[in-house]
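# Examination of the molecular architecture
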Amino acid sequence: MSALLEVRDLVKTFGVGDAATRVLRGLSLTLEAGEMAALLGPSGSGKSTLLTILGTLMKPSSGGYTMLGQDLIAAQDSELTAFRNLHIGFVFQFHNLLPDFTALENVIFPTAVREGRETPSARARGRDLLVRMGLEERINFPSVKLSGGQKQRVAVARALMNGPELVLADEPTGNLDRVSAMQVMDLIAQINREEGTTFLISTHDEKIADLCRRRIVVGDGLVTG
Amino acid sequence: MLYALKIATRYLTASKAQTALLVLGVAVGVFIFIFMSALIGGLAEFILARTVGDLSHITIEAEAVDPAILISPEGHVLAVVEKARVRTASLADAETFVPLIAGVAGVNAVSPQITGAGFMTRGAQVSQVGVTGVEPGLESAILDLDGYMVQGTARLGAGLVVLGQKLADDLALRLGQTVRLQSSGGVASVLTLSGIYATGNGRMDESSVFVSLSTARTLFALPQGVTRIEIKLRDLNAADTTALRIRALTGLDAVPWTDGAAQLMEALDAQAQTGYFLKTFALITIVIGVASALLLSTYRRRPEIGIMRAMGAGRGFVIFVFVTQGALIGLMGGLSGAALGYSALLPFPTRDAFRAGTLPLDITQGSYGLAIALTVIGAIAASILPARAAARVDPVTAIGQ
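Residues numbered from 1 in each chain as written. Chains lettered and ligands numbered in written order. Predicted model: local features only at pLDDT ≥ 70, side-chain atom pairs only at ≥ 80, totals over all residues. Heavy atoms only, no water.

By the naming in an unreviewed UniProt entry, chain B goes by Lipoprotein-releasing system permease protein and is assigned to Pseudorhodobacter antarcticus. Quoted straight from UniProt, the Subcellular location (unreviewed entry) entry for chain B says "Cell membrane". Quoted verbatim from the Sequence similarities (unreviewed entry) field of UniProt, the annotation for chain B is "Belongs to the ABC-4 integral membrane protein family. LolC/E subfamily." (UniProt positions renumbered as here; feature names shortened; annotations may be inferred.)

Naming follows an unreviewed UniProt entry, where chain A appears as Lipoprotein-releasing system ATP-binding protein of Pseudorhodobacter antarcticus.

Encoded structure:
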């Protein structure tokens, strides 16, 4: 396996002066392509901040970050937006679907926003993904009418829509019951195995972490294990 | 950007009641704009029709010849011929000029006239009158004499006279009776009253009489030419330019009606300015309404904007979504308001049928296209601030909300 991404000496400080809080204190990490890694650590350890920086939604105070050979620290906002759209997928704890859109419309959003319209090929891929998620009967359902587990599976499908190399999942099962949580994790594991998509999953749940092949433990702003 | 249009449309249709209220608010603003345009424009038309409608739009008068003077070899003025009481100046070549003037673009009618002062006598009653001699057939070319007739006919012929109601009452004249008319030059004729008019203009109704051009020639001893040419235009607002054209064409001193109507023009201008203010306020209301509604929408949709940004939507895309919403609201409100305004103006009489006591609303002056265009532009301008606010949403904090 080759390195998909590499961060070096990441520092992230929020606030200034006496109110300054250093969340990441020189964290370094490498993720190989095709990995399925669990990101573990207590609340406030910096897991979410690390995911946000890896997702190019936030820049670190200092340190280096390269992914697919690109220096993402030096990139402009518009370049990061385009990069994120093509190479990174997100799954949030609270699904974060667009409420006024159907399941299919939510899934194809990343492609449609890039191409400027909903192409037939995007719709076809979106349907395939929803079928794969077991949601063939919910394709044109308004997203607000889906159950929690269904919404999270739609969110996973949306994260995979553009065939990203990396999917960042922040407590993807934290808001689901055990059965739904395991369904979602089984899907993630299947996609990782079959398509080689790299997953970095932030979780507090040891059972979820057990499904991952690698554990990355973060504590006090550093990788501790 | 089709996709941004779809999202904008979806956002608007997702909150149907809110969007309907917003569009209604914009439509009311547009309705006020159109109503004010029709009212101000109609009022101006009405005032002009009432004040200038029966007047000549362009007048050419014979220029008085300067009095002759006798100058000594040293250059001193020794004698000056006193100005005659009887006007003798005439437009001798009127017959040549009239067809030329009639051919000028925008000219509706040309009426060569002989005018002068005289006395009308019946028994012991004597009234000083202004006499206008017009060509038979052109009685209503300038003043709508036919429209003001209360008795008899406006048709003029040899030995006939048409005069005002007040004058007829003063002289106790009835149709068919004769009356003596003596010009200021001392020539008298006995004429038969063929028609009585009432314009509502007291001075005119008591001191203006109309005779045929041939009768006037006799009265004012003017065997050829005329003293005045009155010209009516299709558009009285074109008087200045048309007068210039006639001057260039004939060399005569064509005077537009606006030359003696500075106060009226100022009043109309002030009225128009008031209209502009009211219409501007209506537009400002629209802009504030759209801006506040979209700002609220931006705040409410912050998490969604954050998700879009996280999924790869650029700032430009987000701006386009919100500006498109503004444009759609402006377009829908503009079209609805224009339709509402047009429907509301339909029951009112047309500009040709304005009557005293009714609102002179001119449906043709609603400025519908302008109202829609300005509303769309205003709504787009109003959406820029909310759109920029939306584009600045930080996805990390927005998603965390």
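### Thoughts on a negative patch on the surface
Residue and element names in this part refer to chain B. A surface patch of negative charge is lined by Glu63, Asp240, Asp253 and Asp259. Position of Asp240 relative to the elements: it lies in helix α8 (residues 239-250). A relative accessible area of 41% places Asp240 in the partly exposed class. (Patch = residues over 30% accessible without salt bridge, like charges linked within 9 Å, V, L, I, M, F, W, Y side chains within 5 Å. Areas by Shrake-Rupley, 256 points an atom, 1.4 Å probe, with all protein chains shown as cover. Salt bridge = Lys/Arg side-chain N within 4 Å of Asp/Glu carboxyl O. Lys, Arg positive; Asp, Glu negative; His and termini not counted. Charge placed at Lys NZ, Arg CZ, Asp CG, Glu CD. Helix = DSSP H or I, 4+ residues; strand = E, 2+ residues; numbered from the N terminus. Buried < 20%, exposed > 50% of the residue type's maximum accessible area, 1.4 Å probe, protein only.)

### Things to note about α8(B)
A turn of α-helix holds 3.6 residues, and therefore any two residues three or four places apart point the same way. Residue and element names in this part refer to chain B. Its twelve residues give α8 an end-to-end C-alpha distance of 16 Å, which sits within 8% of 16 Å, the value for a rise of 1.5 Å per residue. Of the positions making up α8, those classed as buried are Ala239, Thr242, Ala243, Ile246 and Thr250. The buried residues of α8 all sit within an arc of 105° when viewed along its axis, so they share a single face. Among the exposed residues of α8, those oriented more than 90 degrees off its buried face are Leu244 and Ala248. Remark: Gly251 follows α8 within two positions and exhibits a positive phi of approximately 80°. (Expected span 1.5 Å × (residues − 1). Arc of directions from axis to C-beta.)

### Looking at the environment of A:Leu97
With respect to the secondary-structure elements, A:Leu97 resides in the loop between β6 (88-91) and α3 (103-115). Classification of A:Leu97 by relative accessible area gives buried; the value is 7%. Sequence-wise, A:Leu97 and A:Ala155 are 58 residues apart; in three dimensions their C-alpha atoms are separated by 6.8 Å. Setting aside residues no more than four positions away along its own chain, A:Leu97 makes contact with A:Asn106, A:Ser143, A:Lys151, A:Val154, A:Ala155, A:Arg158 and B:Ile307. (Contact = heavy atoms within 4.5 Å.)

### Describing the sheet that holds strand β3 (residues 36-40) of chain A
All names here are of chain A. With mixed pairing, six strands are arranged side by side in an open sheet as β6-β7-β8-β3-β9-β10. Only two strands of the sheet have a single partner each, and these edge strands are β6 and β10 (222-223). Sheet analysis places β3 next to strand β8 (residues 198-202), joined by four bridges and oriented parallel. Across the sheet, Ala37 pairs through a bridge with Leu200, a residue of β8. Most of the contacts of helix α5 (residues 148-160) go to β6, to which it runs at about 170°, and overall it touches β6, β7 (166-170) and β8. (Pairing = 2+ DSSP bridges. Axes fitted to C-alpha atoms, helices over the stretch in contact; angles between N-to-C directions.)

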